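Observations on the three-dimensional arrangement
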Amino acid sequence: MKMRQLRALSGFILLTLVVLTTARPKAGPDQKCKSGPVDLVFLIDSSRSVRPHEFETMRKFMIDILNTLDIGLDTTRVGVVQYSSQVRSEFSLKTHSKLENLVKAINEIIPLAQGTMTGLAIRYLMNEAFTLQQGDRPKVPNVAVIVTDGRPQDRVAEVAAEAREKGIEIYAVGVARADMTSLRAMASPPFEDHVFLVERFDLIHQFGLQFQDKLCGVDLCLESEHGCEHLCESSPGSFHCLCLPGYTLNEDGKTCAAIDLCANGKHNCEQICISSPGSFTCDCNQGYNLNTDKKTCSPIDLCAEGKHDCKQVCVNMGPGIFTCDCNEGYRLNEDEKTCSAINLCAEGKHDCEQICISAPGVFTCDCNKGFKLNKDKKTCTNMDMCKTVEHGCEHQCVNTPGSYYCICPEGQLLQEDGKSCGTCRSANIDLVLLIDGSKSVRPQNFELVKKFVNQVVDSLDVSLHGTRVGLVQYSSRVRTEFPLNKYNTAEEIKAAVLKVEYMEKGTMTGLALKHMLENSFSEAEGARPASRNIPRVGLVFTDGRSQDDISEFAKKAKEAGITMYAVGVGKAVEDELREIASEPVDKHFYYTTDFSAISTIAENLKLNVCPAAESQGEIEVKDPCACENLVEFQHATINSLEQLTQKHILSEKLTCWSPFALHFRD
């Protein structure tokens, strides 16, 4: 019943708010439209932008509409609420039951002349105006007409959606400076029936002038483009669509669909029903044949009849059922049809020390680069790379399995070329790490990401007046885990990192860069003033392609003086990483295919910057070597390798270190 009334009311309001180029003579005062009971509330904008003569036009607009309505406690009830920076009810649905009293009350309204808090007004409409206490009637359609001339100063989309879900049909009338996007966010669908925008206030009264002419005595099925696919049935001020026998009306209320006897269960097929309009035919599942009665099915032996797609062996499991198997020495693939030779290397059924090369049912052993295969054809011997290549180390060459690295005397640091030594002293920095918490990372790898962050923290001199660290996690949204001014010790930071919870969902790297630039490096979140020349460093860690554009804020971050590092793993896109990284890109961009290797990147990474002049911060930093970017990350690798060597942890799995060790060669 209420749905029929709402349909009638939709036509009623729509036709009130349509401007026509021609109109019939207006009906007399005794010719009222009988549209059924309606609870109607006008929500009018009385902000300071609405000039006095424009507000008078709005009064006339409401009064013109009221003149066409059958006003009464049992027919149409009307309330008026005006709003600006506050909301004020002029009169409720139960206040007036006579037209002349409504007109008098409208003429006595005094504009508020403040801001434009449309969202606040809609919430009042929902929670107060349409309540039993204010005269709202159960099972009677609720209609709101919002008239505004500007952009809302608060959010309207969510509260308008909530009002619509509670059954309030909303018409949005915009005048002059009104924003179409906001009008569509407020109005009920379809927008072409509920959203109206005119250039100036003196045009708004035309809606009221057309109201009675369009509502009374017009057969909308004959005089409008109703869109009904089969049949149109008129009612006062509205219409609804019907379908021919054998068809049912779709949810759009206009088109029709043939009745599906299969979907409705009106058939006697044993297995499969195939529908056509008003009829059906039967069929059987794979492995069954349709009997002569055209309804029931009989099982068949699919293996015996060759009706299978097994690559090697078909095993009959019963009527219409089979499984595939493989010959000895082969294993069934995931498609459960084809077979593959057993890979002894992949299954670990070998005794090769380093590399296993598989052939069907057999294997041979080989060694990583820098190693040679022993006579037993299984184990490998490390070749001393420091003795076999021209390493170029200024001070000392240290051999590692399959590679080497250079070290410097105590008190000196390895330079960017990975060979020479210098005395550049690292500066204090403000460091913000952006870590990817998208679904593709997965929980176990996210724990490795947190370990990576703590390894970076371990390489820094963290204190209130030294290096400050902030952490931001992002996926489909961005969340600050802790700002730069939250913790003053490495222990506090590492403990906080371990408590970070995995977000999952998407990869909005561009949004994260925007958040870092606009929020993370603000003084409110602990970034020290630019006048102190404390270097600002951003490190982005990601495992995949960004789902939004990164170009704008990657560029803005570097233009703002932030030194950007990009660390990628797995499916991270190299072009995106290079676009994020500062110049020179090769010194600010790192990539590895496996999460297990990111600890090596952390050990190689030294996020300090040697300033061109003395620091303006709390701790004075000299510039003995005038280095431009980080020059100490090799030193962390050296220390870590020496510690691991002392603990006898290095094993044949260290082949994953090769890409980073090779970074130091000629």
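Residues numbered from 1 in each chain as written. Predicted model: local features only at pLDDT ≥ 70, side-chain atom pairs only at ≥ 80, totals over all residues. Heavy atoms only, no water.

Comments concerning the overall build of the protein chain
The secondary structure content of the protein chain amounts to 18 helices and 32 strands. Total accessible area computed for the protein chain in this model is approximately 33200 Å², and 50% of it derives from carbon and sulfur atoms. (Helix = DSSP H or I, 4+ residues; strand = E, 2+ residues; numbered from the N terminus. Areas by Shrake-Rupley, 256 points an atom, 1.4 Å probe, with all protein chains shown as cover.)

Notes on the pattern of salt bridges
Taken as a whole, this structure holds 23 salt bridges when the rule is applied. Its salt-bridge partner being Lys378, residue Asp351 comes within 2.7 Å of it at the nearest N-O pair. Here the residue Asp351 occupies a position in the loop between strand 18 (339-341) and strand 19 (355-359), and Lys378 occupies one in the loop between strand 21 (371-373) and strand 22 (380-382), the gap between them amounting to 27 residues. Of the residues examined, Asp351 reaches a relative accessible area of 41% and is grouped as partly exposed. Overall, Lys378 belongs to the partly exposed group, its relative accessible area being 35%. Close ionic contact of Glu447 with Lys450 constitutes a salt bridge, the shortest N to O distance being 3.2 Å. Of this pair, Glu447 and Lys450 both sit in helix 11 (residues 443-458), 3 residues apart, which is roughly one turn of that helix. Residue class for Glu447 comes out partly exposed when judged on its relative accessible area of 44%. Via salt bridges that share partners, Arg331, Glu347 and Lys349 belong to a single interconnected network. (Salt bridge = Lys/Arg side-chain N within 4 Å of Asp/Glu carboxyl O. Buried < 20%, exposed > 50% of the residue type's maximum accessible area, 1.4 Å probe, protein only.)

Considerations on unusual backbone geometry
Outside of glycine, negative phi angles account for most residues, and trans bonds account for most peptide bonds. Look at the link from Pro189 to Pro190: it is a cis peptide, with omega at -5 degrees. In the segment running from Glu583 into Pro584, the intervening peptide bond is cis, with an omega of -10 degrees. As for its position among the elements, Pro584 is in the loop between helix 15 (574-580) and strand 32 (589-592). In the Ramachandran plot, Lys377 falls in the positive-phi region, its phi being about 65 degrees despite a non-glycine side chain. Here Lys377 is to be found in the loop between strand 21 and strand 22.

Concerning helix 14 (residues 551-559)
Looking only at helix 14, the buried set comprises Phe553, Ala554 and Ala557. Relative to the axis of helix 14, the buried residues are bounded by an arc of 105 degrees and lie together on one face. Opposite the buried face of helix 14, at more than 90 degrees from it, the exposed residues are Lys555 and Glu559. Buried residues along helix 14 sit against helix 13 (509-520), strand 31 (562-569) and helix 15. Backbone geometry just after helix 14 places Gly561 at a positive phi near 90 degrees. (Arc of directions from axis to C-beta. Contact = heavy atoms within 4.5 Å.)

Details of the sheet that holds strand 1 (residues 38-45)
Pairing is mixed in the open sheet, where 6 strands are placed in the order 3-2-1-4-5-6. Looking along the sheet, the strands with just one partner apiece sit at the ends: strand 3 (87-91) and strand 6 (195-198). Here the average twist between neighbouring strands, direction ignored, is 20 degrees. Sheet analysis places strand 4 (residues 142-148) next to strand 5 (residues 168-175), joined by 7 bridges and oriented parallel. Residue pairing across strands places Val147 opposite Val173, the latter belonging to strand 5. In this fold helix 2 (residues 52-66) packs onto strand 1, strand 2 (76-83) and strand 4, with an angle of close to 170 degrees to the strand it touches most, strand 1. (Pairing = 2+ DSSP bridges. Axes fitted to C-alpha atoms, helices over the stretch in contact; angles between N-to-C directions.)

Concerning the state of the cysteines
Applying the stated criterion across every chain, the model contains 13 disulfides. Between Cys262 and Cys273 runs a disulfide, and the two sulfur atoms are separated by 1.7 Å. Around the S-S axis, the bridge from Cys262 to Cys273 shows a dihedral of about -65 degrees and counts as left-handed. With Cys262 in the loop between strand 10 (256-258) and strand 11 (272-276) and Cys273 in strand 11, the pair connects residues that are 11 residues apart, well separated along the chain. Accessibility assignment for this pair places Cys262 and Cys273 in one class, buried. Between the sulfur atoms of Cys269 and its disulfide partner Cys282 the distance amounts to 1.9 Å. One disulfide, between Cys269 and Cys282, carries an S-S torsion of -80 degrees and so falls in the left-handed class. Of this pair, Cys269 sits in the loop between strand 10 and strand 11 while Cys282 sits in strand 12 (residues 279-283), and the two are 13 residues apart along the sequence. Its relative accessible area of 11% is what places Cys269 among the buried residues. (Disulfide = S-S within 2.5 Å.)

Here we look at the nonpolar core
Formed by 32 residues in total, the largest nonpolar core has its most connected members in Leu431, Leu433, Phe452, Leu539 and Phe541. Contributions of two or more residues to this core are made by strand 27 (430-436), helix 11, strand 28 (468-474), helix 12 (490-498), strand 30 (536-542), strand 31 and helix 16 (598-604). By residue number, the principal contributor to this core is helix 11, which donates 6 residues. Within the second largest apolar cluster, 31 residues are counted, among which are Val50, Val143, Phe196 and Val198. (Core = buried A, V, L, I, M, F, W, Y, C linked by side-chain atoms within 4.5 Å.)

Considering the pairing of strand 5
Of all 8 residues in strand 5, 8 are buried; the element is thus mostly enclosed. Taking every second residue as pointing to the same face, both faces of strand 5 are buried, with Ile168, Ile170, Ala172 and Gly174 on one and Glu169, Tyr171, Val173 and Val175 on the other. Across 4 bridges, strand 5 lies against strand 6 in parallel orientation. Residue Val175 lies in a different strand from strand 6, and its bridge partner there is Val198.

As for the sheet that holds strand 28
Ordered in space as 29-28-27-30-31-32, the 6 strands form an open sheet in which the pairing is mixed. Strands with a single pairing partner mark the edges of an open sheet, and in this sheet they are strand 29 (478-482) and strand 32. Geometrically, the sheet is characterised by an average inter-axis angle of 20 degrees between neighbouring strands, direction not taken into account. Summarising the sheet, strand 27 and strand 28 pair through 7 bridges and their orientation is parallel. Across the sheet, residue Leu431 finds its bridge partner in strand 28, namely Val469. Contacting strand 27, strand 28, strand 29, strand 30 and strand 31, helix 13 runs over the sheet at an angle of about 155 degrees to strand 27.

Details of the environment of Glu165
For Glu165, the position within the fold is in helix 5 (residues 157-165). Through-space distance from the C-alpha of Glu165 to that of Ser188 is 9.9 Å; in sequence the pair is 23 residues apart.

Observations concerning the packing of helix 13 against helix 14
With their axes 8 Å apart at the nearest point, helix 13 and helix 14 run at an angle of 30 degrees to one another. Here helix 14 runs roughly parallel to helix 13, going by the angle between their axes. In the crossing of helix 13 with helix 14, the sense of the turn from one axis to the other is left-handed. Contact with helix 13, carried on its side by Gly510, Leu513, Lys514, Met516, Leu517 and Glu518, involves Phe553, Ala554, Lys556 and Ala557 of helix 14 and no other residues of that element. Its residues placed into classes, the contact of helix 13 with helix 14 shows 6 nonpolar, 1 polar and 3 charged. (Parallel < 35°, antiparallel > 145°, perpendicular 65-115°, else oblique. Left-handed = near helix turned anticlockwise from the far one by under 90°. Nonpolar A, V, L, I, M, F, W, Y, C, P; charged D, E, K, R; others polar.)

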